[in-house]
Amino acid sequence: AQRVTQPEKLLSVFKGAPVELKCNYSYSGSPELFWYVQYSRQRLQLLLRHISRESIKGFTADLNKGETSFHLKKPFAQEEDSAMYYCALRSGTYKYIFGTGTRLKVLA
Amino acid sequence: EAGVAQSPRYKIIEKRQSVAFWCNPISGHATLYWYQQILGQGPKLLIQFQNNGVVDDSQLPKDRFSAERLKGVDSTLKIQPAKLEDSAVYLCASSSWASVGGGQETQYFGPGTRLLVL
């Protein structure tokens, strides 16, 4: 079964501390993985995709096929990073499967 | 470019009533998605259109939900009759099919319609 799991509903960190949002997936083929973010009162938007291998707003994510994980990381959290983060998997037919999301709170 | 538009933004109805949501995707986007997002959960795909054809509707409760995308542009999602458990945010998203295989296809989401069924 295709599934995306985000084990943490809420993650609170202090400003300047490292952040890691966990994402594990279950998929029989070669998945494409994404992180989406929703800031307060804004639309859900793409943060980054594994295929691009880029850093967006200081965030990076590495696809680990052995551990079926795609954790989102940032070395130094900022208050403006506070938001809801969703990990998503895209199948070969361009169907997206989202995780339940993790709310990141960055404390001053 | 203008983003994905949805209306209404909020809707309150009683159970067993019917309701319809409208979505206008980004101009030129061939793929359109409808998602249901229940409080505390991630978006769940209800139906995916490619132009005016259905690609995936495996999670659409077809006894009460219907969707159409006439002329491959705007789309409507209807619920008839509504149940209490249909209370959710209904999100529409669109993407360009032009970059298939290139890995750069991006979904753009609308603001959503928040439905409350009493």
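Attention in this report is confined to the structure presented alongside it. Model, not experiment: these values are computed from the prediction.

Thresholds applied
- Residues numbered from 1 in each chain as written.
- Chains lettered and ligands numbered in written order.
- Predicted model: local features only at pLDDT ≥ 70, side-chain atom pairs only at ≥ 80, totals over all residues.
- Heavy atoms only, no water.
- Helix = DSSP H or I, 4+ residues; strand = E, 2+ residues; numbered from the N terminus.
- Rg over C-alpha atoms; globule rule 2.2 N^0.38 Å.
- Buried < 20%, exposed > 50% of the residue type's maximum accessible area, 1.4 Å probe, protein only.
- Contact = heavy atoms within 4.5 Å.
- Areas by Shrake-Rupley, 256 points an atom, 1.4 Å probe, with all protein chains shown as cover.
- Lys, Arg positive; Asp, Glu negative; His and termini not counted.
- Charge placed at Lys NZ, Arg CZ, Asp CG, Glu CD.
- 1 Å grid on protein atoms, 1.4 Å probe; cavity = no way out; pocket = protein on both sides within 12 Å on 5 of 7 lines; lining within 4 Å.
- Points joined across faces, edges and corners; volume = space filled by probe spheres on them.
- Buried area = accessible area lost by both parts, 1.4 Å probe.
- Salt bridge = Lys/Arg side-chain N within 4 Å of Asp/Glu carboxyl O.
- Polar contact = N/O pair within 3.5 Å; in protein donor to acceptor, adjacent residues only side chain to side chain.
- Nonpolar A, V, L, I, M, F, W, Y, C, P; charged D, E, K, R; others polar.
- Disulfide = S-S within 2.5 Å.
- Patch = residues over 30% accessible without salt bridge, like charges linked within 9 Å, V, L, I, M, F, W, Y side chains within 5 Å.

1. Here's the deal with the overall build of chain B
Helix and strand counts for chain B come out as zero helices and 11 strands. Moving toward the C terminus, one meets the helices and strands of chain B in the order β-β-β-β-β-β-β-β-β-β-β. Scaling as 2.2 N^0.38, a compact globule of 118 residues should have a C-alpha radius of gyration of about 13 Å, and chain B matches this with 14 Å. Taken along the three principal axes of its C-alpha coordinates, chain B extends 45 × 25 × 25 Å. Residue burial in chain B is summarised as follows: out of 118 residues, 47% are buried. Across chain B, the fraction of contacts at a sequence separation of at least 24, relative to all contacts at a separation of at least 6, is 55%. Carbon and sulfur atoms form 51% of the exposed surface of chain B, whose accessible area is close to 5700 Å². Looking at charge distribution, chain B has the averaged site of its 12 positive side-chain charges lying 6 Å from that of its 10 negative ones.

2. Observations regarding the layout of surface pockets
As a volume, the largest pocket reaches approximately 960 Å³. Around the largest pocket sit 37 residues that line it, and Gln38 of chain A together with Gln37, Leu39, Val89 and Arg114 of chain B are the ones nearest its centre. Counting only elements with at least two residues in the lining of the largest pocket, the list comes to strand 9 (83-90) and strand 11 (102-107) of chain A together with strand 2 (10-13), strand 9 (88-95) and strand 11 (113-117) of chain B. For the lining of the largest pocket, the element with the highest residue contribution is strand 11 of chain B, accounting for four residues.

3. What to know about the environment of Arg49 of chain A
Assignment of secondary structure puts Arg49 of chain A in strand 6 (residues 45-49). Taking C-alpha positions, Arg49 of chain A is 8.9 Å from Tyr36 of chain A, a pair spaced 13 residues apart along the chain.

4. Observations regarding the interface of chain A and chain B
Taken together, the 18 residues of chain A in the interface contact 26 residues of chain B. Of all residues in chain A, Arg43, Tyr94 and Lys95 of chain A bury the most surface against chain B, accounting for 36% of the area lost on that side. Counting across the interface, chain A meets chain B through one salt bridge. In this structure, the salt-bridge partner of Lys95 of chain A is Asp56 of chain B, at a minimum N-O distance of 3.8 Å. Inspection of the chain A/chain B interface yields five residue pairs in polar contact (both at pLDDT 80 or more). Where the side of chain A that touches chain B is concerned, the elements lending two or more residues are strand 5 (32-38), strand 6, strand 9 and strand 10 (96-98) of chain A. For the side of chain A that touches chain B, the residue count by class is eight nonpolar, four polar and six charged.

5. Quick word on the state of the cysteines
Residues and elements named next belong to chain A. Applying the stated criterion across every chain yields a total of two disulfides over all chains. Between the sulfur of Cys23 and that of Cys87 lies a disulfide, 2.0 Å long from S to S. Disulfide Cys23-Cys87: torsion about the S-S bond near -65°, hence left-handed. In this pair, Cys23 is assigned in the loop between strand 3 (19-21) and strand 4 (24-26) and Cys87 in strand 9, connecting sequence segments 64 residues apart.

6. Some points on a nonpolar patch on the surface
Residues and elements named next belong to chain B. There is a patch of nonpolar side chains on the surface, built from Ile12, Leu116 and Leu118 and spanning about 300 Å² of accessible area. Following the sequence through the fold, Leu116 ends up in strand 11. Given a relative accessible area of 39%, Leu116 falls into the partly exposed group.

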